[in-house]
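Now for the letters of each chain:
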Amino acid sequence: MYIDSHCHINFPELASRMPEVLAKMAENKVTHALCVSVDMPDFPQVLALAEQYPHIYASVGVHPDYEDTPEPTVDQLVELARNPRIVAIGETGLDYYRLEGDLEWQRERFRTHIRASRIAKKPLIIHTRAASADTIRILQEEGAAPEKGGVAGVMHCFTESLEVAQAAMAMGFYISFSGIVTFKSAKELQEVAKAVPLERMLIETDSPYLAPVPYRGKMNEPGYVPHVAEFIATLKGVSLRAVADATTDNFFKLFNVPRD
């Protein structure tokens, strides 16, 4: 069995064909998926999916790319995270690739999410792009690691260096690989995937984006996550079963949800 640890099936292009998306998951033995929040106005849609389907979980948070959107407060995130269908805070983090200028608002939003995670005792889903040094620094400063009172989380859709992965794992974080790892151009990332131990690894689609080979360039969906597992198994020279079992076990452990 497989689990898609990060998807956006509430986005219109997937929500409009939900029966087909869920059927493809079942066909490909993808037993669970985590639908990840990107802003507060659309959060009710995310939660509704998790409340409607027992094998879909949800997070609450605001993506760093969303500049002109309502800012969540620590109290608001903590209160929403009390819902048992909400298993994580995020996605949150830093993105200096798409936005320029004074991004202190982005760093403050990130700190808000980390503080909420510590209070709610729910793990963080971290997005970082062209901002790894500040991402690691702020996680350390805000005590995201378990030994500092946090609950760690996952570095989602990981595309950074092995050094960044090691710094995150040192704080208790998992490293999640998306379809990007299957791209021919992703040689450096593939070396990172070789080095990250299975016990610290998750797999995801980040759908509807970043479809893995052989679907690259097409709309992605949770049913395609086995292709990520297959590629990693070949890359690491281990069995597909080993990757599937480890990433599934890691999901249940990290997000503290019972096995069905």
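These numbers come from a predicted model, not from an experiment.

Student: Can you help me understand the overall build of the protein chain in this one?
Tutor: The number of helices and strands found in the protein chain is 10 helices and 8 strands. The C-alpha atoms of the protein chain give a radius of gyration of 17 Å, which matches the 18 Å a tight globule of 260 residues would have. A principal-axis box enclosing the C-alpha atoms of the protein chain has dimensions of 40 × 40 × 35 Å. Per element, the accessible surface of the protein chain, about 10,800 Å² overall, is 52% carbon and sulfur. The averaged location of the 35 negative side-chain charges in the protein chain is 6 Å from the averaged location of its 26 positive side-chain charges.

Student: Is there a simple way to explain the environment of H127 in this structure?
Tutor: For H127, the location among the structural elements is in strand β5 (residues 124–129). According to the relative accessible area criterion, H127 is buried, its value standing at 11%. Separated by 34 residues in sequence, H127 and G93 place their C-alpha atoms 4.8 Å apart. In contact with H127, other than residues within four places in its own chain, are H63, P64, E91, T92, G93, L94, D95, R98 and H156.

Student: Before we go on, may I ask you to explain the packing of aromatic side chains in this structure?
Tutor: Geometry of an aromatic ring pair is reported as the spacing of the ring centres plus the angle between the planes. All chains considered together, the criterion is met by 6 aromatic pairs. Between Y57 and F251, the aromatic rings sit 6.3 Å apart at their centres with planes inclined by 45°, giving tilted as the arrangement. On the criterion of sequence distance, the pair formed by Y57 in strand β3 (residues 56–60) and F251 in helix α10 (residues 240–255) is long-range, its members being 194 residues apart. A single burial state applies to Y57 and to F251, both of which are buried. Relative to F252, the ring of F251 has its centre 5.9 Å away and its plane inclined at 85°; by these criteria the two rings are edge-to-face. When its relative accessible area of 0% is taken as the criterion, F251 is described as buried. We classify F252 as buried; its relative accessible area is 7%.

Definitions and cut-offs
- For every chain, the first residue of its written sequence is number 1, and the numbers climb from 1 along that sequence.
- Totals for whole chains, interfaces and linings use every residue, but because this is a predicted model, local features are given only for residues with pLDDT of at least 70 and side-chain atom pairs only at 80 or more, for both listing and counting.
- Calculation of side-chain values draws on the structure's entire complement of heavy atoms; hydrogens and water are dropped beforehand.
- Numbering goes from the N terminus for both helices and strands, where a helix is a DSSP run of H or I of at least four residues and a strand is a run of E of at least two.
- The quantity called the radius of gyration is restricted to C-alpha atoms. Its globule counterpart is 2.2 Å times the number of residues to the power 0.38.
- The protein chains shown are the only cover counted for residues, whose accessible areas, like all others here, come from Shrake-Rupley with a 1.4 Å probe.
- Note on charges: Lys and Arg go in the positive column, Asp and Glu in the negative column, and His and the chain ends are not counted at all.
- The location of each charge is read from NZ of Lys, CZ of Arg, CG of Asp or CD of Glu.
- Only protein chains enter the area calculation, which uses a 1.4 Å probe; residues under 20% of their type maximum are buried, those over 50% are exposed, and those in between are partly exposed.
- Here, two residues are considered to be in contact whenever any of their heavy atoms come within 4.5 Å of each other.
- Note on aromatic pairs: the rings of Phe, Tyr and Trp (six-membered ring only in Trp) are paired at centre separations within 6.5 Å, and the planes decide the class, stacked below 30 degrees, edge-to-face beyond 60, tilted for the rest.

Bear in mind that shape data such as this cannot, by itself, settle questions of function.
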